[in-house]
Amino acid sequence: FLGDVSAPNVGDSLVPGVSLANGLTIGSIQSRLNGYLNPLAFQAAPLLYPNQCDPVNNPTFCTTGFGDLGRNIYRGPFEQNWDASLLKTFKLTEQQNLHFTVDFFNIWNHTNFANPAVTDIEAYLANPASNPFGKIVSAVGNPRLIQFSLRWAF
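We now turn to the structure provided with this report. (Residues numbered from 1 in each chain as written. Predicted model: local features only at pLDDT ≥ 70, side-chain atom pairs only at ≥ 80, totals over all residues. Heavy atoms only, no water.)

**Some remarks on the side chain of Asn 106**
Part 1 of the reasoning: Inspection of the secondary structure puts Asn 106 in the loop between strand S4 (97–105) and strand S5 (112–113).
Part 2 of the reasoning: Looking at Asn 106, the relative accessible area reads 3%, which means it is buried.
Part 3 of the reasoning: Side-chain polar atoms of Asn 106 contact the backbone oxygen of His 110, separated by 3.2 Å.
Part 4 of the reasoning: A distance of 2.9 Å separates a polar atom in the side chain of Asn 106 from the backbone oxygen of Asn 142.
Part 5 of the reasoning: Beyond its immediate chain neighbours, meaning those up to four positions away, Asn 106 contacts Gln 80, Asn 81, Trp 82, Asp 83, Asn 142, Pro 143 and Arg 144. (Helix = DSSP H or I, 4+ residues; strand = E, 2+ residues; numbered from the N terminus. Buried < 20%, exposed > 50% of the residue type's maximum accessible area, 1.4 Å probe, protein only. Polar contact = N/O pair within 3.5 Å; in protein donor to acceptor, adjacent residues only side chain to side chain. Contact = heavy atoms within 4.5 Å.)

Printed below as a string of structure tokens:
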């Protein structure tokens, strides 16, 4: 999820001497919500035309290069979703049955966290206070859901 290819920032690079492993923080996912990615491990890719870049009068030449990071180099937080069903058939008569089913979706009620919302290091470096680089700010999936069904077959 790192390495957005939209202009004007088309890629990021690692800080010299830093490995890909240093880009992720360590610990439980709950302790890493405010910093899943380490912003100190990344830098914006260099400008393609640094001498011609003028953000006010000529922003076209302020485009960065592709950087040395590819797309999807990191995986988001682990997700798990367990579903289960219980079925019971009651024989009422020789030709009539009553089928009872209960379905559990996300039976253990695990919270699945989304990928970090912002992975644009250039925006983070421009304004770190208002940019949530590498922070997980939402969850994905549903909470535990239980569904009952009763069917009369005749």
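**Concerning the packing of aromatic side chains**
Where two aromatic rings form a pair, the distance of their centres and the angle of their planes describe that pair.
Part 1 of the reasoning: Tallied over the full model, the rule gives six aromatic pairs.
Part 2 of the reasoning: With 5.8 Å between their ring centres and 65° between their planes, Phe 42 and Phe 133 make a pair best called edge-to-face. Placement of the pair is Phe 42 in strand S2 (residues 42–44) and Phe 133 in the loop between helix H1 (121–126) and strand S6 (139–140), with a sequence separation of 91 residues.
Part 3 of the reasoning: Here Phe 42 falls in the buried class, since its relative accessible area comes to 3%.
Part 4 of the reasoning: The class for Phe 133 is buried, based on a relative accessible area of 3%.
Part 5 of the reasoning: Aromatic pair Trp 152 and Phe 154: ring centres 4.9 Å apart, planes at 45°, arrangement tilted. (Phe/Tyr/Trp six-rings, centres within 6.5 Å; stacked < 30°, edge-to-face > 60°.)

**Looking at the sheet that holds strand S7 (residues 145–153)**
Part 1 of the reasoning: Spatial ordering of the open sheet is given by S3-S4-S7, a layout of three strands whose pairing is antiparallel. Both edges of this open sheet fall to strand S3 (83–91) and S7, since each of them pairs with a single strand only. Geometrically, the sheet is characterised by an average inter-axis angle of 10° between neighbouring strands, direction not taken into account.
Part 2 of the reasoning: Where S3 and S4 come together, nine bridges link them in antiparallel fashion. Bridge assignment links Thr 89 to a residue of S4, and that residue is His 99. (Pairing = 2+ DSSP bridges. Axes fitted to C-alpha atoms, helices over the stretch in contact; angles between N-to-C directions.)

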